[in-house]
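Single-letter residue listing:
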2 protein chains.
Amino acid sequence: MKEIVILGAGNVATHLTVALKNAGYNIKQVYSRNLSNADCLATLVGAEPVSDLKNLYRDADFYLIAVSDAAILTVAENMPRVSGIVAHTAGSVNLATLERFERHGVLYPFQTFTKDRGVDFLNIPVLIEGNRSDVKRELVELASGISNNVQKADSQKRAALHIAAVFSSNFVNHMYTISQTLLDASGLDFNLLKPLISETTQKALTMNPVDAQTGPARRKDFGVMGEHVERLGSQKLYQDIYQLVSKSIVNTYHPGSPFFS
Amino acid sequence: MKEIVILGAGNVATHLTVALKNAGYNIKQVYSRNLSNADCLATLVGAEPVSDLKNLYRDADFYLIAVSDAAILTVAENMPRVSGIVAHTAGSVNLATLERFERHGVLYPFQTFTKDRGVDFLNIPVLIEGNRSDVKRELVELASGISNNVQKADSQKRAALHIAAVFSSNFVNHMYTISQTLLDASGLDFNLLKPLISETTQKALTMNPVDAQTGPARRKDFGVMGEHVERLGSQKLYQDIYQLVSKSIVNTYHPGSPFFS
């Protein structure tokens, strides 16, 4: 049975580790700088917690680094040299970050992970990169144990995907947050928006988003847009976002047209 | 049985008219400037098509104006005086636009309507406003025939809701469009994003959006943000949106912090 060492104990590490454990892999150790975090996840999957990289198990088949992007290099630099495959799980971190290891790669699960929310790993796309073909093959095999949607993608494609994810997930969620703030300020309930949010997403999942666009900017209705911008006067950043995104919509559907007439 | 005249034959008019017909109302006429559009919807609900406001039936209980925001005033100005209730269906048009009618109001179905997509009207919030209490009461009764979620809301609240809808629906859809454009440019399939889009929305529907935020801006990871901004260099508008929305996220979770350090 393949042996895995997990480095990290946050959302991605937790969901990934649990999925690997459920798929039958042997999780040998969970590393975190913070021993109690390591202990928490390690207990869940019957692994040994470690908080010092010097104590890392040397003979694992895979070392999966699932820490914040900024911490990946530090962890990699302080790990002992190992002969197993060392892979990180980040969208925007270059493969070369791990080049001090003979066999290194990336296993990027393309989903937003939240504490206390289960995810169906089988449907999550997992993107694989490796410095050698045997590394790619072994990582594809590992990922295929937990997902039905495993694909190879180089660092360029992975970065493009990550940026797309920022727009489709992080920015979308911030749009919801802005809406909630605006409704709160008017004494309205966020629940009012839920049928609209559901339908908007269903449309995106079943038709082409570019064809699904509606609203004042799509219609180039500068009267409504002007009124909305005015009403947002006390929230400068939201006003700026309203104008800029509206401009981008007008530009998409009415190219060459001046923004405010 | 209450008699209704529909003014308009677009997406909102069509979905609303079909729902009213299914609820048992008598749709007397469908007006559109374009007779063949009027004919199309009128045939669907057994009504008479009209393309000249002079020929409008005078004794209906309700006249529902479901045309584009900009056209509402023109239609209202050219309608004969009627004793029935005249209501428009727009989010951002003031009640007073219809003040030449003795009994006037608003019946605003809060959803995004798309041609050829069925909607479950029962779950759509419908917001009601009227210039008199009897008008409000009658409009609430009418709307309750097609929706389980009817609420009164004045023009101020309706406008706030409409702005929130622009962020949560129109702008969200544009985020999906931007993602699709970016993936296309890298030869990647939009389907890759669908599990992420589903999960992001599910999170918004079940937890507080402000608590569901993830991503580089949430973490104030300027390294990743800087790299993304650089990669978006050839698409200036998308780059600007990336920076502005990221700034708003940083501002929400790390107030007082400078945007790019």
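Residues numbered from 1 in each chain as written. Chains lettered and ligands numbered in written order. Predicted model: local features only at pLDDT ≥ 70, side-chain atom pairs only at ≥ 80, totals over all residues.

Draft legend 1. Geometry of the overall build of chain A. Scanning chain A for helices and strands turns up nine helices and eight strands. Seen through its C-alpha atoms, chain A measures out along the principal axes to roughly 65 × 40 × 30 Å. Burial analysis of chain A (261 residues in total) assigns 50% to the buried set. Within chain A, contacts between residues at least 6 apart in sequence are counted, and of these 50% link residues at least 24 apart. (Helix = DSSP H or I, 4+ residues; strand = E, 2+ residues; numbered from the N terminus. Buried ≥ 20, exposed ≤ 12 C-beta atoms within 10 Å, placed from the backbone. Contact = placed C-beta atoms within 7 Å.)

Draft legend 2. Layout of helix α9 (residues 236-253) of chain A. Across its 18 residues, α9(A) extends 26 Å between first and last C-alpha, which sits within 8% of the 26 Å expected from 1.5 Å per residue. Looking only at α9(A), the buried set comprises A:Ile241, A:Tyr242, A:Val245, A:Ser246, A:Ser248, A:Ile249 and A:Val250. Contact partners of the buried residues in α9(A): α8 (222-231) of chain A together with α5 (155-185) and α9 (236-253) of chain B. (Expected span 1.5 Å × (residues − 1).)

Draft legend 3. View of the environment of A:Ser234. Residue and element names in this part refer to chain A. Along the chain, Ser234 turns up in the loop between α8 and α9. Judged by the 8 C-beta atoms lying within 10 Å of it, Ser234 is exposed. For the pair formed by Ser234 and Asn251, sequence separation is 17 residues and the distance between their alpha carbons is 26 Å.

Draft legend 4. Examining the domain arrangement of chain A more closely. Residues and elements named next belong to chain A. We note that the domain assignment places domain 1 (3-153) and domain 2 (159-253) within chain A. With six residues of domain 1 at the contact, the number on the domain 2 side is five residues. For the side of domain 1 that touches domain 2, the per-class residue count stands at three nonpolar, three polar and no charged. (Domains from an automatic or database assignment. Nonpolar A, V, L, I, M, F, W, Y, C, P; charged D, E, K, R; others polar.)

Draft legend 5. Focus on the sheet that holds strand β5 (residues 85-88) of chain B. All names here are of chain B. The eight strands lie next to each other as β3-β2-β1-β4-β5-β6-β7-β8, forming an open sheet whose pairing is mixed. Since the sheet does not close on itself, it has two edges, and those belong to β3 (48-50) and β8 (150-152), each with one partner. In this sheet, adjacent strand axes meet at a mean angle of 25° when their direction is disregarded. Here strand β1 (residues 3-7) pairs with strand β4 (residues 62-65) via four bridges, running parallel. Bridging across to β4, Leu7 finds its partner in Ile65. The strands touched by helix α2 (residues 35-45) are β2 (26-31) and β3; relative to β3, the strand with the most contacts, the crossing angle is about 165°. Docked against the sheet, helix α4 (residues 133-144) engages β4, β5, β6 (104-109), β7 (126-130) and β8, running at close to 160° with respect to β7. (Pairing = 2+ DSSP bridges. Axes fitted to C-alpha atoms, helices over the stretch in contact; angles between N-to-C directions.)

Draft legend 6. Spatial organisation of the relation of the copies chain B and chain A. Mapping chain B onto chain A leaves a residual RMSD of 0.0 Å; the transformation is a rotation of 180° accompanied by 0.0 Å of translation along its axis. Taken together, the rotation angle and the small translation identify this as a two-fold axis. The C-alpha atom lying nearest the rotation axis in chain B is that of B:Val172; the distance is 2.7 Å. A high fraction, 99%, of the interface residues of chain B reappear at the interface in chain A, so the copies pair face to face through one surface. (Least-squares fit on C-alpha atoms with pLDDT ≥ 70 in both.)

Draft legend 7. Highlighting the interface of chain B and chain A. Counting residues at the interface gives 79 residues for chain B, matched by 78 residues for chain A. Within the side of chain B that touches chain A, the residues separate by chemical class into 40 nonpolar, 27 polar and twelve charged.

Draft legend 8. Seen up close, the packing of α9(A) against α5(B). Packing of α9(A) against α5(B) brings their axes to within 10 Å, and their N-to-C directions diverge by 60°. For the element pair α9(A) / α5(B), the angle class is oblique. As α9(A) packs across α5(B), the resulting crossing turns out to be left-handed. Contacts from A:Val245, A:Ser248, A:Ile249 and A:Thr252 of α9(A) reach α5(B) at B:Phe171, B:His174 and B:Thr177. Looking at the contact of α9(A) with α5(B) residue by residue, the class counts come to three nonpolar, four polar and no charged. (Parallel < 35°, antiparallel > 145°, perpendicular 65-115°, else oblique. Left-handed = near helix turned anticlockwise from the far one by under 90°.)

Draft legend 9. Layout of the sheet that holds strand β3 (residues 48-50) of chain A. Residue and element names in this part refer to chain A. With mixed pairing, the eight strands of this open sheet are ordered in space as β3-β2-β1-β4-β5-β6-β7-β8. Every interior strand has two partners, whereas the edge strands, β3 and β8 (150-152), have only one. In this sheet, neighbouring strand axes are inclined to one another by 25° on average, regardless of whether the strands run parallel or antiparallel. Contacts between helix α2 (residues 35-45) and the sheet are confined to β2 (26-31) and β3, with β3 contributing the most and set at about 165° to the helix. Sheet strands in contact with helix α5 (residues 155-185) are β6 (104-109) and β7 (126-130), and its direction is about 150° off that of β7.

Draft legend 10. Looking closely at the pairing of β1(B). Residue and element names in this part refer to chain B. Most of β1 is tucked away, with four of its five residues classed as buried. In terms of strand pairing, β1 meets β2 through five bridges, oriented parallel. Across the sheet, the residue bridging to Val5 is Gln29, located in β2. This β-α-β element, β1 to helix α1 (residues 11-22) to β2, shows right-handed connectivity. (Right-handed = clockwise from strand over helix to strand, strands pointing away.)

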